[in-house]
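Next come the chains, spelled out residue by residue.
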Amino acid sequence: YRFDSFIVRTPSSSVVNGLRADDRGNPTHAGVLTEHAAYIHAVSQAGVEVTVLPPLEAFPDSIFVEDPALVFPEGAILLRPGAATRAGETAEIAPVLKRLFSTVLDLPRGFADGGDVLTTQKSVMIGLSARTNREGAEALIECLAKLGRKGEIVETPKDVLHFKTDCSLLDEETVLTTERLERSGVFKGFKTLLVPAGEEAAANALRVNDVVFVGSDYPRTGELLASHGYKVVPLKTTEIGKIDAGLSCMSLRW
Ligand code: CIR
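Small disclaimer: the values here were computed from a predicted structure and weren't measured.

Notes on the overall build of the protein
Helix and strand content of the protein: 6 helices and 15 strands. Relative to the compact-globule value of 18 Å for 254 residues, the protein shows a C-alpha radius of gyration of 17 Å, a close match. Overall, the protein is about 45 × 40 × 35 Å in size when its C-alpha atoms are taken along their principal axes. When each of the 254 residues of the protein is scored for burial, the buried share is 56%. Within the protein, residue pairs in contact and separated by at least 24 positions form 66% of the contacts whose partners lie at least 6 positions apart. Of the roughly 10,700 Å² that the protein leaves accessible, carbon and sulfur atoms contribute 52%. The positive charge centre, built from 27 side chains, and the negative charge centre, built from 34, are 2 Å apart in the protein.

Brief notes about the nonpolar core
The biggest cluster of nonpolar side chains holds 25 residues, and the ones touching the most others in it are Phe6, Tyr39, Phe64, Val208 and Phe213. Residue assignment for this core shows that the elements contributing at least two residues are strand 1 (5-9), helix 1 (29-45), strand 12 (206-208) and strand 13 (211-215). The dominant element in this core, judged by the number of residues it contributes, is helix 1, at 5 residues. If we ignore the near neighbours within four places in the chain, the residues touching Phe6 are Tyr39, Val43, Val48, Glu49, Val50, Thr51, Leu206, Val208, Ser251, Leu252, Arg253 and Trp254. Among the nonpolar cores identified, the runner-up in size contains 17 residues, and Leu105, Val124, Ala139 and Leu140 belong to it.

Regarding helix 5 (residues 219-227)
Since there are 3.6 residues in each turn of an α-helix, residues three or four apart along the chain are aligned in direction. Regarding helix 5, the residues found buried are Thr221, Gly222 and Leu225. For helix 5, the angular spread of the buried residues around the axis is 105 degrees, confining them to a single face. The outward face of helix 5, more than 90 degrees from its buried face, is lined by the exposed residues Glu223 and Ser227. Two residues or fewer past helix 5, Gly229 is found with a positive phi of approximately 90 degrees.

Remarks on the packing of aromatic side chains
For any two aromatic rings, the description comes down to two numbers: the centre-to-centre distance and the angle of the planes. This model, assessed by the stated rule, comprises 4 aromatic pairs. With 6.1 Å between their ring centres and 90 degrees between their planes, Phe187 and Phe190 make a pair best called edge-to-face. Each member of the pair, Phe187 as well as Phe190, is classed as buried. Put simply, the rings of Phe163, Phe187 and Phe190 pair up and form one aromatic cluster. For Arg80, the ring lying beneath its charged end belongs to Phe111, and the centroid distance is 5.3 Å. Taking the ring centre of Phe190 as reference, the NZ or CZ of Lys122 above it sits at 3.8 Å.

Overview of the site of the ligand
Residues in contact with the ligand amount to 13 residues; listed here are only the nearest, Leu19, Asp61, Glu66, Arg86 and Ile243. Leu19 is positioned such that a nitrogen or oxygen atom in its backbone is 2.8 Å from a nitrogen atom of the ligand. Between Ile243 and the ligand, the recorded distance is 2.7 Å, taken from a backbone N or O atom to a nitrogen atom. Surface burial for the ligand is 99%, taken as the share of its 350 Å² of free accessible area covered by protein chains. Of the residues contributing to the shell around the ligand, the split by class is 5 nonpolar, 2 polar and 6 charged.

Brief notes about the sheet that holds strand 4 (residues 75-78)
The 3 strands are arranged 3-4-5 in an open sheet whose pairing can be described as mixed. In the strand order of this sheet, the two ends are held by strand 3 (69-72) and strand 5 (104-106), each with one partner. Sheet twist, expressed as the mean angle between neighbouring strand axes with direction ignored, is 15 degrees. The pairing of strand 4 with strand 5 spans 3 bridges and is parallel. Considered in strand 5, the bridge of Ala76 is made with Val104.

Section: the side chain of Ser12
The residue Ser12 is located in the loop between strand 1 and helix 1 in this model. Among the residues examined, Ser12 registers a relative accessible area of 3% and is labelled buried. Of note is the side chain of Ser12, whose polar atom sits 2.6 Å from the side chain of Ser14. Filtering out sequence-adjacent residues up to four positions away, Ser12 remains in contact with His29, Pro55, Leu56, Glu57 and Phe59.

Definitions and cut-offs
- Residues numbered from 1 in each chain as written.
- Predicted model: local features only at pLDDT ≥ 70, side-chain atom pairs only at ≥ 80, totals over all residues.
- Heavy atoms only, no water.
- Helix = DSSP H or I, 4+ residues; strand = E, 2+ residues; numbered from the N terminus.
- Rg over C-alpha atoms; globule rule 2.2 N^0.38 Å.
- Buried < 20%, exposed > 50% of the residue type's maximum accessible area, 1.4 Å probe, protein only.
- Contact = heavy atoms within 4.5 Å.
- Areas by Shrake-Rupley, 256 points an atom, 1.4 Å probe, with all protein chains shown as cover.
- Lys, Arg positive; Asp, Glu negative; His and termini not counted.
- Charge placed at Lys NZ, Arg CZ, Asp CG, Glu CD.
- Core = buried A, V, L, I, M, F, W, Y, C linked by side-chain atoms within 4.5 Å.
- Arc of directions from axis to C-beta.
- Phe/Tyr/Trp six-rings, centres within 6.5 Å; stacked < 30°, edge-to-face > 60°.
- Lys NZ or Arg CZ within 6 Å of the ring centre and 35° of its normal.
- Near = heavy atom within 4 Å.
- Polar contact = N/O pair within 3.5 Å; in protein donor to acceptor, adjacent residues only side chain to side chain.
- Nonpolar A, V, L, I, M, F, W, Y, C, P; charged D, E, K, R; others polar.
- Pairing = 2+ DSSP bridges.
- Axes fitted to C-alpha atoms, helices over the stretch in contact; angles between N-to-C directions.

In structure tokens, the structure reads:
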């Protein structure tokens with residue numbers, strides 16, 4: 001959770017057509033832009049340098065740069081997003097990563113979204129989901145090994161978009177998660193904090209250096225984290241939430 005660098009992508013006007021499981025109405029372009037600008041400002045204040053990529057009209061979900069790639073200080077991996085409308089995002093981010101990293105690997109087969117990947121000191125957890133299949137997860141483990149990292153395949157709760165929709169790393173030993181994911185037992189060896197019932201979407205929080213960013217629509221989660229000594233900064237995720245996104249999705253971090 002210690003980072004120096006972020007990559008984000010400005011939302012295009014097509015973001016209003018982003019994928020979603022339940023239609024609660026389109027987000028507005030202006031609303032997403034405002035949330036995105038506040039995110040850039042907030043992470044900059046947390047001490048990271050932010051590279052802002054230009055909008056991609058052809059890819060409504062391309063603001064969620066977390067999904068087409070994985071980055072580590074030692075190198076990057078270009079992924080194969082599991083949603084057909086997002087597959088082309090990898091080719092868009094590839095040249096940027098090739099400029100910034102001396103090692104850039106390609107996921108050779110299968111499908112994997114970065115939203116299904118939780119990096120901890122012990123391992124890189126890869127959640128199987130509707131976007132990440134076993135073939136992709138196994139191929140990803142091979143790529144991770146080339147970077148000197150250990151990958152581990154885990155399950156994502158049913159009907160949850162991504163593994164990280166339901167969890168985030170608060171520090172090296174603590175994970176914020178939902179009751180349904182905690183129940184699966186994946187976080188053995190970690191301390192867990194559970195988001196209050198009704199605030200499941202708050203589990204996709206984002207620890208950056210000394211602060212934890214949490215969706216401002218989830219005040220009870222903010223209070224819970226503050227009561228455990230975390231420095232909490234609420235960020236609005238109302239519009240991006242309409243297209244199933246939270247705070248980790250909007251950046252690549254290393
Ligand atoms: C999608 O369904 O792909 C986007 N609407 C949301 C992606 C969220 N990404 C993430 O959690 N890493």
